[in-house]
Amino acid sequence: MATSSYPFDGQATTETDFSRLFRELQDSGVAGTATGLDLKVSADSSGMKVSVQPGFAIVRGHAFLSTAVEVLPIATADTAPRTDRIVLRLNPTANAITLAVLKGTPGGSAPALTQTDTDNHEVSLGLVAVGASVATIGLSAVTDDRSFLGSRVGTWTATTRPTNPRVGRLGLNRSSSKWEFWDGSTWTDLAPVVSWTSVTDKPATFPPSTHSHTVDYNDVVNKPGTFNPSWHQHWWDQLLGVPGEFPPSGHSHWWDQILGRPGQFPPTDHWHGQYLESWGTINRANGSDRPHSYGPTGNQWYAVWVDGNHNFCRNTSSIRFKENVRDITVSPADVLSLRPRVYDRTPTTDEDGKVTEGRKNEYGLIAEEVHATLPEIVVYDEEGRIDSVRYDLLGVALLPVVQDQALRLATLEKRIEELARDR
């Protein structure tokens, strides 16, 4: 028979059938949390033994339940230290899941787990360090090695949340359009919006009221080694009292206030070859002659960004230039919902009133539509309006789609192989 379905009334459903079904619903592990006592291994220095607390677990689609503390003997210590492993062992031949002790090799590491798909399958609960020639096992000799059942990700409204959730239960609250999780006592926003009112230790006024710091100059850290300090640079946005416009409104400076001025006037003959190659390379406002005629040199090439102040800067990817690195979940469905468009650019008018027609039949995305599903790759202008799309990040956003499809293919191939074996 090439196809089958189960379980249904009046139908013989085997242990293998149920195991295959349940493994698709939940991984192997202990039903509990890392701070709980469910099936936790402990010792009390009262002999060569350990105790396993009551609890419930799933092992390869089969259920295990213990309702009382179980005591397991530890083999006599050797002359060299070893590490034993406490496991739950599924034995399909015996139709049972039992607690067992895997004795380690003296002087070696903990024994490996047996984890087959059709025969015995073991899940680790704890590691026991058995010292050389010891007569008892103490609490500090036991290391918790439990894995736990995963929390399902769900969707709900403010009135249909789970009534008895486990710690870590994650879901999308459609009432607030926010991801939230159960922290043991309340539903907590997974990515809260930080506002000025929620910032702690902020000044009461902004700018803060006039104040002073009565500390000794020797107490100041990161001060310059000399005064005036040696030559250095500052970003424009780090300067206080900068003019509100550029060039600033009419004003004057004394000659001796100007830094880097020539020693005589007019200055001696000089040139700026590093900035101006020739008149032909700067006679266009968009600077297109320079990149068109410039031949490649060296073997180091970078993508280029333009920042909000219209400065060019290279796009770096090394961890040396990054901090607060963390994972981000991108929904493949959100990426696949993007809609490629064809459009005409809006005509532009320069300072002289000359109208230039925009480019026709241009391919791309609409930033407002991208913002609906992938706001992380949308750029805003100085007034907070949606402005453009980070096309260089589209490749990164496509990775979850490829990974999701690869996982689906692997799952389908595995199911096909299992169906072929069952034929």
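Given the structure is predicted, the values throughout are model-derived calculations rather than measurements.

Novice: Honestly, the sheet that holds strand β8 (residues 96-102) in this entry has me stumped. Any pointers?
Specialist: Either a parallel or an antiparallel arrangement is found when strands of a sheet pair, and the pairing is made through backbone hydrogen bonds. Reading across the sheet, the 4 strands line up as β8-β7-β9-β10 and stay open at both edges, with antiparallel pairing between neighbours. Each end of this open sheet is capped by a strand with a single partner; those strands are β8 and β10 (142-144). On average, adjacent strands in this sheet sit at an angle of 25° to one another, irrespective of strand direction. Inspection of the sheet shows strand β7 (residues 82-91) paired to β8 by 7 bridges, in the antiparallel sense.

Novice: Would you mind showing me how to read unusual backbone geometry here?
Specialist: Excluding glycine, residues mostly carry a negative phi; peptide bonds, for their part, are mostly trans. The backbone phi angle of Arg60 is positive, close to 50°, even though this residue is not glycine. If you trace the backbone, Arg60 turns up in the loop between β4 (55-59) and β5 (62-66). Notably, Asn324 is not glycine yet its phi reads approximately 55°, a positive angle. Its location among the elements puts Asn324 in the loop between β16 (312-314) and α3 (332-336).

Novice: What exactly am I supposed to notice about the nonpolar core here?
Specialist: Across soluble globular proteins, nonpolar side chains show a tendency to be buried alongside one another. The biggest cluster of nonpolar side chains holds 25 residues, and the ones touching the most others in it are Leu39, Val50, Val52, Ile86, Leu88, Leu125 and Ile137. Dropping the residues within four chain positions of it, Leu125 is found in contact with Val30, Leu39, Val41, Val52, Ile86, Val87, Leu88, Leu99, Asp144, Asp145 and Arg146.

Novice: Would you mind going over the pairing of strand β22 (residues 386-389) with me for this structure?
Specialist: Within a regular beta strand, the side chains point alternately toward one face of the sheet and then the other, so they alternate between its two faces. Across 3 bridges, the pairing between strand β21 (residues 378-380) and β22 is antiparallel. Paired with Val379 across the two strands is Ser388, which belongs to β22. The loop that links β21 with its antiparallel partner β22 comprises 5 residues; one of these, Gly384, has a positive phi angle of about 85°.

Criteria and cut-off values
Per chain, the residues get numbers from 1 upward, laid out in the order the sequence is written. For a predicted model such as this one, the threshold for reporting local features is a pLDDT of at least 70, and the threshold for listing and counting side-chain atom pairs is 80 or more; totals across whole chains, interfaces and linings nevertheless cover every residue. Side-chain figures throughout are based on the complete set of non-hydrogen atoms in the structure, without hydrogens or water. At least two bridges found by DSSP between two strands are what make those strands a pair. Counting from the N terminus, the helices are the DSSP runs of H or I reaching at least four residues and the strands are the DSSP runs of E reaching at least two. Lines fitted to the C-alpha atoms define the axes, with helices restricted to the stretch that makes contact. Angles between their N-to-C directions range from 0 to 180 degrees. For the purposes of this section, nonpolar cores are sets of buried Ala, Val, Leu, Ile, Met, Phe, Trp, Tyr and Cys residues that join through side-chain atoms within 4.5 Å. Three exposure classes are used, based on accessible area relative to the maximum for each residue type with a 1.4 Å probe and protein chains only: buried under 20%, partly exposed in between, and exposed over 50%. Any two residues having at least one pair of non-hydrogen atoms within 4.5 Å are treated as being in contact.

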